[in-house]
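# Fold and geometry: a report
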Amino acid sequence: MNDPGLEDKIQDTATHVTQDLRDRAGSNSSREPQAGDAHTKSAGDAFREELQVDDEEEEIGYFAPQRWWFTSTAFPLVAGTFGPLANLFSKHKVNESRIHIGLNAASLILALLANVLLLFNFAHRVRYIIAQPLTISLWYLSSLLLIIPLALTPSITPPSNVSQHALSQSYYYALLSAILYGILSTLLLLHFIFSLPPFSAYPASFATLTIPQRTLMLQTISFTLYLALGAGIFSALEGWEFCDGVYWADYTLLTIGLGSDFPLQTSAGRGVLIPYTGGGILLIGIVIGSVRGLVLERGGVKMLHRQLVKERDRGIKKVKKRLGMETRGDSDEALKTEFDAMRQVLRRAEISRKYLSLGISFLVFLVVWFLGAMVFFFSEADSQNWKYGTSLYFTYTTLLTIGYGDLYPESNLGKPFFVLWTLIAVPSVTILISNMGDTVVAWVQKGTMWLGQRTILPERSLRSDTDTRSNPTDSRRTRIRTRLRQKGFWPLKSPENVEKAVHSEEAREVDEGAVPDPSRTQANGEGENKEIRGDIEKLGDAVETVEAERGQGGGIAARLAREIKLVSKDLGKQPPKEYEWEDWKRWMRLLSVSSDDNDGSNGRRGLDRVDGFG
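Per-chain numbering applies: the sequence of each chain, read as written, is numbered from 1 onward. With pLDDT at 70 or above as the cut-off, local features in this predicted model cover only qualifying residues; side-chain atom pairs require 80 or more to be listed or tallied, and sums for whole chains, interfaces and linings still use all residues. To obtain the side-chain values, all non-hydrogen atoms of the structure were included, while hydrogens and water were left out.

What follows deals with the overall build of the chain. The numbering of helices and of strands both runs from the N terminus, where a helix is a DSSP run of H or I of at least 4 residues and a strand a run of E of at least 2. Of regular secondary structure, the chain possesses 20 helices and zero strands. Looking at the chain as a whole, 41% of its 614 residues are labelled buried. Using the Shrake-Rupley algorithm and a 1.4 Å probe, accessible areas are obtained, with residue cover drawn only from the displayed protein chains. Summing over all exposed atoms, the chain offers an accessible surface of approximately 33200 Å²; the carbon and sulfur share of this is 60%. Any residue under 20% of the maximum accessible area for its type is buried, any over 50% is exposed, and the rest in between are partly exposed; the area is computed with a 1.4 Å probe on protein chains only.

This is how it looks when you write it as structure tokens:
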């Protein structure tokens, strides 16, 4: 499940769904209230209000310092994601003692109640000041009720006819569950403490969590239930223990596919496998796509903002030093210097964000890989005589979901840890691969194109990639002209015949599928913005006509209309157009915000007050 392409589609779909909900909420808000829909109106109003404040909530987390971002946003997300998984682990009986079974059941009930309260807290159905302390207390109590039988189990004397005994998988599942309950309740406790005086670092609520972030808990609950359902069904069909069913369902849905330790033997099991894996892989793709989107997009924006602030401060110092003054100047030269410096700041911040994200994700990958190998080394050393190198090999092939099946955990500790470890490891690798797409993959593509242009593809234009991206049609025509010239066709023919030959060559490449149809590509890429541009141009023409009829053809309204028409032509361009200093200077003067129109005192936004330029 490491292919990031699927998660891109899922994330785009989720974004469209959220936007569709916003549009519906906006359209419904203008509907006249009717009799008999009081309940619907109140629910709709609540949802519309939630959507309206969603951007404000995200902005709170965006501008909060990074340490508070972790406590205000990351900690609740971790608790909401792993809480349902801890419930699944605690379902296993520690031992057959009635007292221990009662403690285990009480722990599970309290933990489920804590999850329900946390879910209602996320949805703003229960007040934070009430739900948060209860959730923390219930999870701590659930952990304690599990620790008691866990501590007493090793002291139980085995039957006299049993010479050797070992702790069961259920014991280790309960141990992992107790650890998770303790960690998650501690994270929520830190979130609660820092939201109260004297810290008051953020609102005493989950206000910093957006709707997609809160929805992640519902997705993990759905996946956990689906995992447990599959474990129960296949355990019954194949005659396995439920613990083994959870282990099998985990590596099946994650497409690791070890398979050699628990192969399906019955026809019923093989038949049920087809629909079960289809729905499960889709469900886990949604979860991994959400995690990836939250980490890469929202986390990346947060990281970009921090890098931008740091680079901007360095840029201000460099500009002041270059201009040789303590305060910023108001001359055109000083303003242009600031503008160029800000452009460099934006580029450096984006580069820093990419490589910092790559470094962090790679570090997480190494930690998950080496620490996971360490645990499997200790768990499988006695039963299978694994060396640390063997564990490294097994964990690496598992991380990449290769799943040869030649090695697999057999110990009662190895299987429960495998379930928890893979649910953490596979999304981590997905995030790493996505970050590599912006850096390492780009290097390989550029290196391949550079090598191809100078070896097996000499007819390709050696212009920069920037020129190719800015106008791919011109680049293709230039390449065709070069090829025709090398074949001796140029300049023996007339210009008209040369153009016909170029068009004919273009048509041949399109027919053969060597290049995409430029007209179709342009229509697909600009379809959404074409109508908007047309409306803006019509509006600009109408304003210019009215102003000309009034004798104010050079007035501010007519000038603004002309500029808006020009800018509208750049809508939808990929990559987005970056305007030059002269454009900004003209617009600032037009809007009376430059120093030339306001004596340098009004409306000026300099380098140290602006995060970036378009």
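Past the structure itself, the notes keep going.
The next thing to look at is the packing of aromatic side chains. Stacked, edge-to-face and tilted labels apply to pairs of Phe, Tyr and Trp rings (six-membered ring for Trp) whose centres lie within 6.5 Å, assigned for plane angles under 30 degrees, over 60, and everything in between, in that order. Throughout the structure, instances matching the rule amount to 28 aromatic pairs. Seen in terms of ring centroids, tyrosine 226 and tyrosine 276 are 4.8 Å apart; in terms of plane orientation they differ by 0°. Their pairing is stacked. In this pair, tyrosine 226 sits in helix α7 (residues 211–238) while tyrosine 276 sits in helix α9 (residues 267–323), placing the two residues 50 residues apart along the sequence. The exposure class assigned to tyrosine 276 is buried, which follows from its relative accessible area of 6%. With a centroid separation of 6.1 Å and 35° between ring planes, the pair formed by phenylalanine 394 and phenylalanine 418 is classed as tilted.

As used here, the term nonpolar core means buried Ala, Val, Leu, Ile, Met, Phe, Trp, Tyr and Cys residues forming a set that is joined through side-chain atoms within 4.5 Å. One finds Trp139 and Trp248 to be the most contacted residues of the largest nonpolar core, which totals 80 residues. If one sorts the elements of this core by residue count, helix α6 (residues 169–194) sits on top with twelve residues. Whether two residues touch is decided by their heavy atoms; if any such pair falls within 4.5 Å, the residues are in contact. Setting aside residues up to four positions removed in sequence, tryptophan 248 forms contacts with Phe234, Trp240, Phe262, Leu264, Leu273 and Tyr276.

Further remarks concern the UniProt feature "transmembrane region" (unreviewed entry) in the chain. UniProt records the feature "transmembrane region" (unreviewed entry) for residues 68–89, 101–122, 134–152, 172–194, 215–237, 273–296, 355–378 and 418–444 in the present numbering. From the first C-alpha to the last, residues 355–378 spans 35 Å; its make-up is 100% helix and 0% strand. Strand forms 0% of residues 418–444 and helix 96%; the C-alpha atoms that close the span are 34 Å apart. UniProt positions are given in the numbering used here, feature names are shortened, and annotations may be inferred rather than shown by experiment.

This part is about the side chain of threonine 220. Positionally, threonine 220 belongs in helix α7. The class for threonine 220 is buried, based on a relative accessible area of 5%. Not counting residues within four places of it along the chain, the set of residues in contact with threonine 220 comprises Gly80, Thr81, Pro84 and Val287.

Once that is clear, we can look at a nonpolar patch on the surface. Like charges within 9 Å and nonpolar side chains (Val, Leu, Ile, Met, Phe, Trp, Tyr) within 5 Å are joined into patches, using only residues over 30% in relative accessible area that form no salt bridge. Here, a salt bridge means any side-chain nitrogen of Lys or Arg that lies within 4 Å of a carboxyl oxygen of Asp or Glu. A contiguous nonpolar patch, built from Leu141, Leu144, Ile148 and Leu152 and spanning about 320 Å² of accessible area, is present on the exposed surface. Within the secondary structure, leucine 144 sits in helix α5 (residues 128–152). The exposure class assigned to leucine 144 is partly exposed, which follows from its relative accessible area of 46%.

With that out of the way, let us pick up the pattern of salt bridges. According to the stated counting rule, one finds one salt bridge in the structure shown. A salt bridge links aspartate 244 to lysine 415; the nearest nitrogen and oxygen atoms lie 3.6 Å apart. Separated by 171 residues along the polypeptide, aspartate 244 in helix α8 (residues 242–253) and lysine 415 in helix α12 (residues 414–438) bring together distant segments of the chain. Lysine 415 shares its class with aspartate 244; the two are buried.

A residue's pLDDT is the predictor's confidence in that residue, given on a scale from 0 to 100. Taken over all residues, the pLDDT of the chain has a mean of 75, while the share at 70 or more is 63%. Scored below 50 in pLDDT, residues 29–33 makes three contacts in the model with residues more than four places away or belonging to other chains. Note on residues 593–614: pLDDT is under 50 here. Beyond four places in sequence and across chains, it has 54 contacts.

Turning to the packing of helix α11 (residues 388–399) against α12, a few remarks are in order. When two helices pack together, their arrangement is given by the angle between their axes and by how far apart the axes lie. Put simply, α11 and α12 touch, their axes get as near as 9 Å, and they point 55° apart. Considering the angle they form, α11 stands oblique to α12. Residues Phe394, Thr395, Thr398 and Leu399 of α11 touch α12, and the partners they reach there are Phe418, Trp421, Thr422, Ala425 and Val429. Residue type decides the class: Asp, Glu, Lys and Arg count as charged, Ala, Val, Leu, Ile, Met, Phe, Trp, Tyr, Cys and Pro as nonpolar, and the leftover types, Gly among them, as polar. Residues belonging to the contact of α11 with α12 are distributed by class as follows: six nonpolar, three polar and no charged. Each axis is a line fitted through C-alpha atoms, taken for helices only over the stretch in contact, and angles between the N-to-C directions span 0 to 180 degrees. For classification purposes, an angle smaller than 35 degrees is called roughly parallel, one larger than 145 roughly antiparallel, one from 65 to 115 roughly perpendicular, and anything else oblique.

Each helix should span, by expectation, one fewer than its residue count multiplied by 1.5 Å. Along its 53 residues, helix α10 (residues 332–384) runs 75 Å from first to last C-alpha, staying within 8% of the 78 Å computed at 1.5 Å per residue. The seven residues ending at a residue and the seven starting there each receive a fitted axis; the angle between those axes is the bend at that residue. The sharpest bend along α10 comes to roughly 30°, located at phenylalanine 378. Asparagine 385 lies just past α10 and shows a positive phi near 60°.

It is worth spelling out the packing of α6 against α12 at this point. The N-to-C vectors of α6 and α12 enclose an angle of 40°; their axes lie 8 Å apart at closest approach. Taken as axis vectors, α6 and α12 run oblique relative to one another. Across from Gln169, Tyr172, Tyr173, Leu176 and Leu180 in α6, the residues of α12 making contact are Lys415, Pro416, Phe417, Val419 and Leu420. Of the residues assigned to the contact of α6 with α12, the class counts are eight nonpolar, one polar and one charged.

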